[in-house]
Amino acid sequence: MKRECIEVCPHCEKEITKKWDVEKKGYQITCPNCGKKMMLCDECLNSEDNVGMRCDWSEERGCFRQQKEKK
């Protein structure tokens, strides 16, 4: 289901609002302002399947959501 997602792009620092279905399309989007990849971290932290609000993001590895999406 598409929801309104709001996130600040870590590259251009603009607030991005986008209707997005994380269940179907994942947690990574392309910033419509600068064109770089960014994660929908707030959606991830508040999702039903992330009960402990786990975040293991690092510059080298990305995060556990990206690992799942690559498979």
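This one's a predicted model, so the numbers in the text were calculated from it and none came from an experiment. (Residues numbered from 1 in each chain as written. Predicted model: local features only at pLDDT ≥ 70, side-chain atom pairs only at ≥ 80, totals over all residues. Heavy atoms only, no water.)

Student: So what's going on with the pairing of strand β2 (residues 15-20)? Residues and values would help.
Tutor: The pairing of strand β1 (residues 3-8) with β2 spans 6 bridges and is classified as antiparallel. In the strand pairing of β2, Val-8 is matched with Glu-15. As consecutive antiparallel partners, β1 and β2 are separated by 6 residues, and within that stretch Glu-13 has a phi angle of approximately 65°, a positive value. (Pairing = 2+ DSSP bridges. Helix = DSSP H or I, 4+ residues; strand = E, 2+ residues; numbered from the N terminus.)

Student: Go over the confidence of the model for the protein with me, naming the residues and quoting the values.
Tutor: Across the protein, the average pLDDT comes to 88, with 93% of residues at 70 or higher. Confidence, expressed as mean pLDDT per element, reaches its minimum in the protein at helix α3 (residues 64-70) with 67 and its maximum at β2 with 96. (pLDDT = per-residue confidence, 0-100.)

Student: Go over the side chain of Glu-43, please, and point to the residues and values.
Tutor: As for its position among the elements, Glu-43 is in helix α2 (residues 41-45). Dropping the residues within four chain positions of it, Glu-43 is found in contact with Arg-3, Glu-4, Cys-5, Val-22 and Tyr-27. (Contact = heavy atoms within 4.5 Å.)

Student: Got a sec to walk through unusual backbone geometry? Specific residues and values, please.
Tutor: Of note in this structure, Glu-13 is not a glycine but carries a positive phi near 65°. Positionally, Glu-13 belongs in the loop between β1 and β2. Of note, Met-53 is a non-glycine position whose phi angle comes to about 50°, a positive value. Within the secondary structure layout, Met-53 lies in the loop between α2 and α3. Note on Met-53: relative accessible area 48%, which makes it partly exposed. (Buried < 20%, exposed > 50% of the residue type's maximum accessible area, 1.4 Å probe, protein only.)

Student: Before we move on, can you summarise the nonpolar core with the specific residues and values?
Tutor: Of all hydrophobic cores here, the largest spans 14 residues; its most connected members are Ile-16, Trp-20, Ile-29, Met-38 and Leu-40. Apart from the residues within four sequence positions on either side, Met-38 is in contact with Glu-7, Val-8, Cys-9, Pro-10, Ile-16, Tyr-27, Gln-28, Ile-29 and Cys-31. (Core = buried A, V, L, I, M, F, W, Y, C linked by side-chain atoms within 4.5 Å.)

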